[in-house]
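Residue-level structure breakdown
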Amino acid sequence: MINLTAVVWGTTGALFAFGLAIVVLRRQLLAMLLGLELMLAAVNVSLVHHAGIFNDAEALAVVALVIAVAAAEAVVGLALILRLRRAGSGADAALLTELQG
Amino acid sequence: MAWAALVAGVVAAFFAGVMLLHRSLYVSAVSLLVVLLQTAVLFLLCGSPLLGLLQVMIYAGAVMVLVVVTIMAAGDEGGRFADFSFPKPLAWLGVLAAVGETALILSHAAAPAAVQVDPALQAQLGAVLFKPYALATEAVTLLMFLAALAIAPEPETAA
Amino acid sequence: MTAAQVPLAAWLLFAAPVAAVLLGFFVFRRLKPEWTHLPILASCMVVTASAFSLAADVYTGHSFDLNLFRWAAAGNFAVDFGLRIDGPGTAVLAMVALVGSLIHLYAAGYMKGDPGFSRFFLVFHLFFLAMIGLLTANNFVQLYLFWELVGVCSYLLVGFWFQKESARKAALKAFITNRIGDFGLLLALLLIVMQFKVTHFHLIYLKLASGATFELLPLIGLCLVWAACAKSAQFPLYFWLPDAMEGPTPTSALMHAATMVTAGVFLLVRSWPMIFAVEGLPNLIAWIGGLTALIAAIIAGTKKDLKRILAYSTVSHLGLMMLALGLNQIGAALFHLIVHGFFKAALFLCAGNIAHALHQPTANVDDVGGLQKSMRLTYLAFGLAAVSLAGIFPFGGFFSKDAILDAAWHHGGPLAIIGMLVAAGSAFYIFRMLFLAFYGARPEQKGAPHAHEAEPILAVPVLFLALGAALAGLLKGPIERFVVVGMRGLPSGLPQLDVVLNLPGEPTLPHLNLLVAGVGTVMALLGAAAAWRLTMADPGFDWRWRGGAAEAMFESDFGWKTVIDKLASAVSRGAGFTGRVLDKGGLDGLVEGTSGLTRAAGAVIARSAQGRVNDYLWWMVAGTALLLGRVLR
């Protein structure tokens, strides 16, 4: 029998790792945004599973809140990126170097 | 039902890999969409159909659609993938997974769960959200409202 | 003896020059500079009278050594200001006072019209005061103070005509060379403090007489000898003296003939108990003195500038004094010191007269010739001094030089031969100078047609000095008594000590040894004859060994000057290296380099802050992973 906990941990780990890799490695800001969402989703999976295991409804509440916040964050991020695009510097992280020095 | 979870997990991981490696932003976005759908199935299989529904509705349905549309609207700068094409094999894989999972769900009378979960758990979700976590809930609501302001247009600069 | 019992003469010895200098500086220099010499000449008279009075006191047995006041104290150690009026000190003091006063008088005439007249007299008299202080000091620290002061005045006076570059360089050379010697004296002073815990002469003599062994004594002795060599212009530190002739003639006469250069010999006399206790050190002094005397005598015979000939002659005679000291003949050394003061001062002032007559700062043998007729008085004075120098009976130099030669003869060995050769050499160079300057003009000489006799103020002091040189032989007895008193009897100022301290060193002068006297006179006459042969016998014979290696060799003092030049340039290169590379580059670079280092470090760290988001993200991941690792452990 396949252990669900193992599957969930495996999935969570894989999704989180990939999400982190996307954020760190890819240059486009939009891609980074997607990576962020991926990480949050991964965490949600783990939370939901363990809520069932431990019979903890608060974990489910947290999941709900995380979904909401992630959505809000995605909106704001998109707005920022679009602002950047319009300002002319593009959405390339390598070119955004005003923090240099 | 754990094999279904395994399948969902594997597909999710695979599409996450695609997200990382494929150079097209559009493909990455759509892959994320698929991943989120798989995670929704996982939610279901873990004994929380409500959250699965919420995930599909809000996350996959609203947020990701927003992202994908934005990507399509903003366009890939100088990209080779401006044509927003999605590789066919991946599309087939995704569709296959979706279909399989849908079949699984519909074949069960109640929501299929891979583990035994207390049915009252879901019902407590609401109670938790509005009693111990009421403040957090309100804060997040406010946050979402403020986020909506993000799409407010720039004030016109005086000429 | 208490301070109240100190004779008035001793107070006046200091009060008069101090008052004269202060008066001259604050009053006369402001109001009437050309009268600055008046208070100073008055002070000279007072000082001479006081010096002779004190000498008379010592002669009758009333010498004293007294601490006047405590200058500085630190725990057990104290530095006092005191007076030591004893035999050797007063003998030399009397000579210095008399010769110094006469030269002051001469300077009043010589320096008239010079724009720095007032400055000259003030510094000159300050030097006089310093020399008095040096001779009456009763401890090493006080002696060192006045030693340094004498050096400073030497610098100021040699560089008196500072508009001339050669004068500035000569002053610097003199001062720096003296400084190198002073370093030896300072070292000796510190070692004395370490070894004996006191610096007073009589206390050190007592400690030495107690018979204990002192480990640092050889080092002290060597340092003292080094200091004396620099001040008294012995080999290898003699080369500043010829160049010091850039100063006005009164300076050369007083400082570099009679007084300052004898300070080195005097230091050794004061320290003789210490030096005598070291094995082989007296021998070293004798050899240094003997060799210097010989080499300087030879070089003196090749020079053309009148004052430089006399400068080398001074070096040679100082060598003779050192030779006498080295042979343990304190009395002979002091005797020669005093007689030499007279005749050398006379010779210098004659040279000054000649230069003055030619309206030049100094005179060359090429400029003169046949002055016998036009400058009779100068000729007479020069002649007297010259025969005294050459050591011909019955003039003063004979007795003093004979004493030294006798000691050398008895010692035997090469030193005796050197002594005789020096006698010949001295006669040679001085008679060469006499013939070339005063007898018939040779073809290459200009002859000085407009030379006239010097005015009285210049001529009279010279005559007095020459007379003193001639008659100095009469002083043999008194000087012996002075030295005996100084060395065989404790100064009566220390009533608590009953023991009579016999200091080492032979105070009595050697008796007249006919053989030595005869050989010495023969050598002198040989030298004079050689000089005649070379200069006057054949006017057509060109004695100058014109050009080529010989001239170069003589000009550079047989190559020693080249050695010194190379040494000096090596030292200055070393100093330049130290300053430029080590200090500026190294130390400064180290300090300034910290800024560069910081900047470089900053640049390296700045690479992590390029503004690239991805880099920041990496750092975030790393940090979070680290934190998680810690937390989850």
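Up top you'll find the structure we're talking about.
It should be emphasised that the depicted structure is a prediction, and the values quoted were computed from it without experimental measurement.

This paragraph deals with the overall build of chain A. A count of helical and extended segments in chain A gives three helices and zero strands. Listing each helix as α and each strand as β along chain A from the N terminus yields α-α-α. Sequence separation of at least 24 residues holds for 55% of the intrachain contacts in chain A that already meet a minimum separation of 6.

For the rest of this paragraph, the subject is the packing of aromatic side chains. We describe a pair of aromatic rings using the distance from one ring centre to the other and the angle between the two ring planes. Residues and elements named next belong to chain C. Enumeration over the complete set of coordinates arrives at 18 aromatic pairs over all chains. Ring geometry for Phe14 versus Phe81: centroids 6.4 Å apart, planes at 70 degrees, classification edge-to-face. Highlighted residues: Phe14 in helix H1 (residues 8-31) and Phe81 in strand E2 (residues 77-85), separated in sequence by 67 residues. Side by side, Phe14 and Phe81 carry an identical accessibility label, which is buried. By way of ring pairs, the aromatic residues Phe117, Phe120, Phe121, Phe124, Phe160 and Trp161 are connected into one cluster.

Now for the interface of chain B and chain A. At the interface, 61 residues of chain B touch 54 residues of chain A. Of the roughly 4,800 Å² buried between chain B and chain A, counting both surfaces, carbon and sulfur atoms make up 80%. When residues of chain B are sorted by the area they lose upon contact with chain A, Leu20(B), Tyr59(B) and Leu121(B) head the list and together hold 13% of the total. The tally of links from chain B across to chain A stands at zero salt bridges. Scanning the region where chain B abuts chain A turns up five residue pairs in polar contact (both at pLDDT 80 or more). The residue makeup of the side of chain B that touches chain A, split by class, is 44 nonpolar, 12 polar and five charged.

A few words on the pattern of salt bridges. All names here are of chain C. Per the counting criterion, the structure on display carries 11 salt bridges over all chains. One salt bridge in this structure joins Lys164 and Glu246, with 3.4 Å as the shortest N-O distance. Placement of the pair is Lys164 in the loop between helix H5 (140-158) and helix H6 (165-196) and Glu246 in the loop between helix H9 (240-243) and helix H10 (249-258), with a sequence separation of 82 residues. Given a relative accessible area of 34%, Lys164 falls into the partly exposed group. Overall, Glu246 belongs to the buried group, its relative accessible area being 15%. A salt bridge links Lys169 to Glu165, with the shortest nitrogen-to-oxygen separation between them at 3.9 Å. Separated by four residues within a single helix, Lys169 and Glu165 lie in helix H6, roughly one turn from each other. Judged by its relative accessible area of 53%, Lys169 falls in the exposed class. Here Glu165 falls in the partly exposed class, since its relative accessible area comes to 47%. By sharing partners, the salt bridges in this structure join Lys164, Lys173, Asp243, Glu246, Asp305 and Arg308 into a single network.

In this section: the side chain of His49(A). Mapped onto the fold, His49(A) is located in helix H2 (residues 29-54). Judged by its relative accessible area of 0%, His49(A) is buried. Contact partners of His49(A), with chain neighbours within four places excluded, come to Leu4(A), Thr5(A), Val8(A) and Cys46(B).

Residue and element names in this part refer to chain C. Look at H10 against helix H15 (residues 330-357): their axes get within 9 Å of each other, and the N-to-C directions meet at 160 degrees. By the angle class used here, H10 and H15 are roughly antiparallel. Read as a crossing pair, H10 and H15 show a hand that is right-handed. Facing H10, whose interface residues are Thr249, Ser252, Ala253, His256, Ala257 and Ala258, H15 presents His340, Gly341, Lys344, Ala345, Phe348, Leu349 and Gly352. When its residues are assigned to classes, the contact of H10 with H15 shows six nonpolar, six polar and one charged.

Take the environment of Leu122(C) next. Residue and element names in this part refer to chain C. Mapped onto the elements of the fold, Leu122 is located in helix H4 (residues 117-136). A sequence separation of 93 residues divides Leu122 from Arg29, and the C-alpha atoms of the two residues are 9.1 Å apart. Not counting chain neighbours up to four residues away, the residues in contact with Leu122 comprise Val21, Gly24, Phe25, Arg29, Thr36 and Ile40.

Taken together, the side chains of Val18(C), Leu22(C), Leu23(C), Phe25(C), Phe26(C), Val27(C) and Leu31(C) present a nonpolar region at the surface, about 630 Å² in accessible area. Summarising the element assignment, Leu31(C) is placed in helix H1.

The next point concerns helix H17 (residues 376-390) of chain C. Residues and elements named next belong to chain C. If you check H17, its first and last C-alpha atoms are 21 Å apart, about what 15 residues at 1.5 Å a residue would give, namely 21 Å. Counting buried positions over the 15 residues of H17 gives 12, a clear majority of the element. Among the residues of H17, those classed as buried are Thr378, Tyr379, Ala381, Phe382, Gly383, Leu384, Ala385, Ala386, Val387, Ser388, Leu389 and Ala390. A positive backbone phi angle near 85 degrees is found at Gly391, which sits one or two residues after H17.

With that settled, consider the nonpolar core. Phe196(C), Met274(C), Ile430(C) and Phe431(C) are the most contacted members of the largest nonpolar core, which totals 206 residues. The element best represented in this core is H15(C), accounting for 20 residues. If near-sequence neighbours (up to four positions away) are discounted, Met274(C) is found in contact with Phe140(C), Ile192(C), Phe196(C), Ile204(C), Leu208(C), Leu217(C), Ile220(C) and Leu224(C). In terms of nonpolar packing, the next biggest core, distinct from the first, is built from 77 residues, Leu29(A), Leu34(A), Ala12(B) and Val27(B) among them.

Residues and elements named next belong to chain C. Most of E2 sits out of view: eight of its nine residues are buried. The pairing of strand E1 (residues 64-74) with E2 spans nine bridges and is classified as antiparallel. Looking at E2, one finds that Ala72 is bridged to Val79. With antiparallel pairing between neighbouring strands as the criterion, E1 and E2 make up a hairpin whose turn holds two residues, including Gly75 at a positive phi of roughly 65 degrees.

What counts as what
Residues numbered from 1 in each chain as written. Chains lettered and ligands numbered in written order. Predicted model: local features only at pLDDT ≥ 70, side-chain atom pairs only at ≥ 80, totals over all residues. Heavy atoms only, no water. Helix = DSSP H or I, 4+ residues; strand = E, 2+ residues; numbered from the N terminus. Contact = heavy atoms within 4.5 Å. Phe/Tyr/Trp six-rings, centres within 6.5 Å; stacked < 30°, edge-to-face > 60°. Buried < 20%, exposed > 50% of the residue type's maximum accessible area, 1.4 Å probe, protein only. Buried area = accessible area lost by both parts, 1.4 Å probe. Salt bridge = Lys/Arg side-chain N within 4 Å of Asp/Glu carboxyl O. Polar contact = N/O pair within 3.5 Å; in protein donor to acceptor, adjacent residues only side chain to side chain. Nonpolar A, V, L, I, M, F, W, Y, C, P; charged D, E, K, R; others polar. Axes fitted to C-alpha atoms, helices over the stretch in contact; angles between N-to-C directions. Parallel < 35°, antiparallel > 145°, perpendicular 65-115°, else oblique. Left-handed = near helix turned anticlockwise from the far one by under 90°. Patch = residues over 30% accessible without salt bridge, like charges linked within 9 Å, V, L, I, M, F, W, Y side chains within 5 Å. Areas by Shrake-Rupley, 256 points an atom, 1.4 Å probe, with all protein chains shown as cover. Expected span 1.5 Å × (residues − 1). Core = buried A, V, L, I, M, F, W, Y, C linked by side-chain atoms within 4.5 Å. Pairing = 2+ DSSP bridges.

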